[in-house]
Amino acid sequence: MALRHPAMDLEGWNRGNQIKVRHEALKESWRTVLTLAYQSLGVVYGDLSTSPLYVYKSAFAEDIQHSESNEEIYGVLSFVFWTLTLIPLLKYVFIVLRADDNGEGGTFALYSLLCRHARVSTLPNCQLADEELSEYKKVGDKSPRSSLKSTLEKHRVLQRVLLVLALIGTCMVIGDGVLTPAISVFSAVSGLELSMSKEHHQYVEVPVTCIILVFLFALQHYGTHRLGFLFAPIVIAWLACISAIGVYNIIHWNPHVYKALSPYYMYKFLKKTRRGGWMSLGGILLCITGSEAMFADLGHFSQLSIKIAFTFVVYPALILAYMGQAAYLSKHHVIENYYHIGFYVSVPEPIRWPVLALAVLAAVVGSQAIITGTFSIIKQCSALGCFPKVKIVHTSPNIHGQIYIPEINWTLMVLCLAVTIGFRNTKHISNAAGLAVITVMLVTTCLMSLVIVLCWRRNVFIALCFILFFGSIEALYFSASLIKFLDGAWVPIALSLIFLVIMHVWHYGTVKKYEFDVQNKVSINWLLSLGPNLGIVRVRGVGLIHTELVSGIPAMFSHFVTNLPAFHQVLIFLCIKSVPVPHVRPEERFLVGRIGPKGYRIYRCIARYGYRDIHKDDVEFEKDLIFSIAEFIRSDQPDCNIEDDERMTVVGTSSTNTEGVKMREGDGENSSEMEETFELREIMPPEKPRKRVKFLLPESPKTSASAREEMQELMEAREAGLAFIMGHCYVRAKSGSSLIKRVVINLGYDFLRRNSRGPTYALGVPHASTLEVGMIYHV
C-alpha cells in the first residue's frame, strides 16, 4: 500500500478548510440576502401589494361597459400584466436599480450622480477637497469628455432645468405621500359597501377612513421600528391571501383566463372602447403605484434582496390576484354600477370580513412606507439646500433611515383628510394618485437616460432607446391621467406647484445670500492689521462663529469686532455643509485649518455631511469639534504663514482616531500609559457630577512645545465655556430689483427663513451663551 507524504495530507487539509470557509461565507451571505428580502416585503412593497384593491374599480370608473364578450375585462388584464412586466420588472429591477449612488436610490440619488459626473451641482459652497471623499467616485482625468457633459457644464440654463426636473419628481413623491394613504385606506374600507346599502355605506366609509388616517399619522412619532417586525408578516399574509383567492377564482370560474395575457387583447380593448379605453389607462396605471419605492428604499436593503422579493414573491402574487379578479368578473356581468367591479366582490363571502381586516392592516403598512419615504426625501431636499430646515427626529437607534418630521407629518395628515373628505370616493382620488405616480416615473426615465450616457458611459443610442421605449409607454399613461385634470388630477399638480415654489424660493434665496457673503467677506490683511489681540481684549472661552463660507472671513465678524470691545481667546469659524454624496465617512468628517498666524488662535472647521447622514447631538458634536481642533494642532506644520490660510487638513471624529490625539472621560486621574496627558473639565449641571475629558497624546512622534502650549490654551478656553455666535440676517432685495425678485426675497424667502429651524447643534447651547449679530443682506 502506498504511503502519503505528510505535506500532501496537510495541503489537502488546508484546501478542504478553505472550501469549507468559502462555503460558510457564501451560506452566510445568502442568509443575509434572504433576510433583507423578507424585511423589504414590509417596507418596500406595502403600497404595491395593495393595488389590487382599487385598480379594476378605477379602470371601470369611466364610460367602459362590462359586456358579455369580456373584451373589456380581458383588455384591462392584458394591460395590467404587461405594465407590471415592463415597468417594475424590466425597467426598475433590471435597469434602474443598478443606478445607485453608493448604495442609495431615489430621484435625488440620480441627481447627485449627475452633479458629480458633470459638475452641475447647485450647492454654492462646493470645494475641490470634497471630490477627494471616498464615496465621491470622481471621474478620472483620462475618461473621455462627452459633448453632452460639456454642454451641461457650459449652459447654466440646462443646469437649472435639471434641478427643476429633479424637484418636480420630488414634489410628486410628496404629493403621493398625501394621496396614497387616502386611496389605500379608503379602498380597504370600501369592503363595507357589500354589507350595507349604497345609501348607508357612503356615510360610514368616510368617517371610518378618517379615523384610521388620524390614528396612522398620530402613531408616526413612535417610529416604524417599534412595529416593524409586524410589517413583513402582514404583507406576506396579504400576498398569500390575494394569490390564494386568485387561484381559487381562476380554477373555479375561468381556467382559460390566462389567454388574456396576450398583447392582442390590448389592441382589441382600445379598438372597441376608443376614447373611454384610453381614459381608463389612468386607472390601470395604479397597478404599478409603489414601484418607485423599490429604488427609493434601496439604501436600507440591497439590490439582490429587492430583486428576489419582487421577482419571486410580489410579482407572481399580483399577477395571480389580477387574473383571479378577471376570471370572476368574466362570469359575473354587472353593468348597473361600477361599485361591483371592486376587489371584494371576487372574495368568497365566508371570508370577506377577515379579508377586510387584513386589507386594512396591509393598507396601513403601505401608507406607512410612503409616509416614511416622504420624510426621507424632505430630509434630502433640506440637506441639499432645496427646502427650509425642519426638525428631524430619529426614531430608531439602529436604522438611520427611520425618521420623523413633526411639521411634515401633521401637514400630510391635514391634506390627506382634506382629500378624503373633499372627494368622498376612490374615483377622483385614483385620478390624482395616477398622475403623481406616472410623473415620478417619467422624471426617473429622463434622469436615467442622462445617467446612462454620463455615468455609465454608454452610447447615446442606448440612452435614446431607453427613453423612447419606456418614455412612450409612460407618456401614454401620463396623457390619460392628465385628461382627467378636472376630475381630481389637479390635486397633485396643485400640491407640486406649492412645494415647487417653496423649494425654488428657498434655494434661490440661499444662493443669493451666500453670494452676498462671498462678495462682502473680509480680507486676511484686515485681520492682520489688528494685531494678535485683534485690537481688543481677548476674554477666556471659545467663540464658535457659525458661517456658510468655506474660505475668507465673514462680514459678520468685522461687524461684531467693530461694535464690541472684547472677544474670546479661541475663535472657531464653523461651517456645516452638505456634499452631493449619501454618506461621508466619520474619518473624513472635518476639514480644519487656520486663519492667520498661530498666535491669533483662530481656526476654521468645516463639517461635511451627506444628504442621508445623521447630524449628531450637541454634546457629541461639540466633543468631535474640539477633538478635531486638537488633532489639527498636534499634526500641524511648525510654520504657518498667510499663504497657507486656505490649506485644510482632513480630520476624523474622535471615535475613528486610533493613532493621534485621544479623548477619554474619567475621574481626573493621570494616565500612565501615555507620555503626555492634558485634562479638560466638561461643564455639567450642578446636580450631576463633573466629568473630565482628557487629551491623550501619542508617545511618538514627540509633540512640540508650541503645540502643547496651544493645546493647553484650547483646553483652558473650553473649560471656561463655549459661546455660540450666529448671524441674525435680514435679507432684502437691493434697490432697483424687479417686482418678482422683491416679492420672492422680501416676502417669500423672508417668511420661510423666519419659520425654519436653526442649526441643530445650536439648540443645546444655553441661551445665555448664544449671541446673535444682526446683519442686513441686500441681494
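Residues numbered from 1 in each chain as written. Predicted model: local features only at pLDDT ≥ 70, side-chain atom pairs only at ≥ 80, totals over all residues. Heavy atoms only, no water.

A. Quick look at the overall build of the chain. What the chain contains, in helices and strands, is 23 helices and 12 strands. Every one of the 779 residues in the chain was classed for burial, and the buried ones make up 55%. Across the chain, the fraction of contacts at a sequence separation of at least 24, relative to all contacts at a separation of at least 6, is 82%. (Helix = DSSP H or I, 4+ residues; strand = E, 2+ residues; numbered from the N terminus. Buried < 20%, exposed > 50% of the residue type's maximum accessible area, 1.4 Å probe, protein only. Contact = heavy atoms within 4.5 Å.)

B. Structural view of the pattern of salt bridges. Counted by the stated rule, this structure contains 13 salt bridges. For Asp-750, the salt bridge is made with Arg-754, and the minimal N-O distance between the two is 3.0 Å. In this pair, Asp-750 and Arg-754 both sit in helix α23 (residues 739–755), four residues apart, roughly one turn of the helix. Residue class for Asp-750 comes out buried when judged on its relative accessible area of 8%. (Salt bridge = Lys/Arg side-chain N within 4 Å of Asp/Glu carboxyl O.)

C. How the structure looks around helix α15 (residues 406–423). For α15, built from 18 residues, the straight-helix expectation of 26 Å at 1.5 Å per residue is met to within 8% by its first-to-last C-alpha distance of 26 Å. Turning to α15, its buried residues are Pro-406, Ile-408, Asn-409, Leu-412, Met-413, Cys-416, Leu-417, Val-419, Thr-420 and Phe-423. When α15 is viewed along its axis, its buried side chains cluster within an angular range of 160 degrees and face the same direction. When the buried face of α15 is taken as reference, the exposed residues oriented beyond 90 degrees from it are Val-414 and Gly-422. Just downstream of α15, Arg-424 is the residue with a positive phi angle, here 65 degrees. (Expected span 1.5 Å × (residues − 1). Arc of directions from axis to C-beta.)

D. Representation of a nonpolar patch on the surface in the model. A cluster of nonpolar side chains, contributed by Trp-30, Leu-34 and Leu-304, occupies part of the molecular surface with about 290 Å² of accessible area. Relative to the assigned elements, Leu-304 resides in helix α13 (residues 303–330). (Patch = residues over 30% accessible without salt bridge, like charges linked within 9 Å, V, L, I, M, F, W, Y side chains within 5 Å. Areas by Shrake-Rupley, 256 points an atom, 1.4 Å probe, with all protein chains shown as cover.)

E. Highlighting the nonpolar core. One finds Tyr-45 and Tyr-56 to be the most contacted residues of the largest nonpolar core, which totals 168 residues. Residue contributions to this core peak at 17 residues, all from helix α16 (residues 426–454). Listed in part, the 29 residues of the second largest apolar core include Phe-516, Val-731, Ile-745 and Val-779. (Core = buried A, V, L, I, M, F, W, Y, C linked by side-chain atoms within 4.5 Å.)

F. How the structure looks around the packing of α16 against helix α17 (residues 460–482). Contact geometry for α16 and α17: axes closest at 9 Å, N-to-C directions at 170 degrees. Between α16 and α17, the angle falls in the class roughly antiparallel. Across the contact of α16 with α17, the residue classes tally to 18 nonpolar, six polar and one charged. (Axes fitted to C-alpha atoms, helices over the stretch in contact; angles between N-to-C directions. Parallel < 35°, antiparallel > 145°, perpendicular 65-115°, else oblique. Nonpolar A, V, L, I, M, F, W, Y, C, P; charged D, E, K, R; others polar.)

G. Spotlight on the confidence of the model for the chain. In the predicted model, the chain carries a mean pLDDT of 78, and the fraction of residues at 70 or more is 78%. For the stretch residues 666–691, pLDDT sits under 50, and the model shows 64 contacts to residues farther than four places along the chain or on other chains. (pLDDT = per-residue confidence, 0-100.)

H. Region of the structure containing the pairing of strand β5 (residues 590–594). Burial analysis of β5 places five of its five residues in the buried class, the great majority of the element. Burial of the side chains of β5 extends over both faces: Phe-590, Val-592 and Arg-594 are buried on one face and Leu-591 and Gly-593 on the other. For β5 and strand β6 (residues 602–609), the ladder comprises five bridges, and the chain directions are antiparallel. The partner of Phe-590 across the bridge, within β6, is Ala-607. Taken together, the three bridges between β5 and strand β7 (residues 649–651) define a ladder with antiparallel strand orientation. Within β7, the position partnered with Val-592 by the bridge is Thr-649. (Pairing = 2+ DSSP bridges.)

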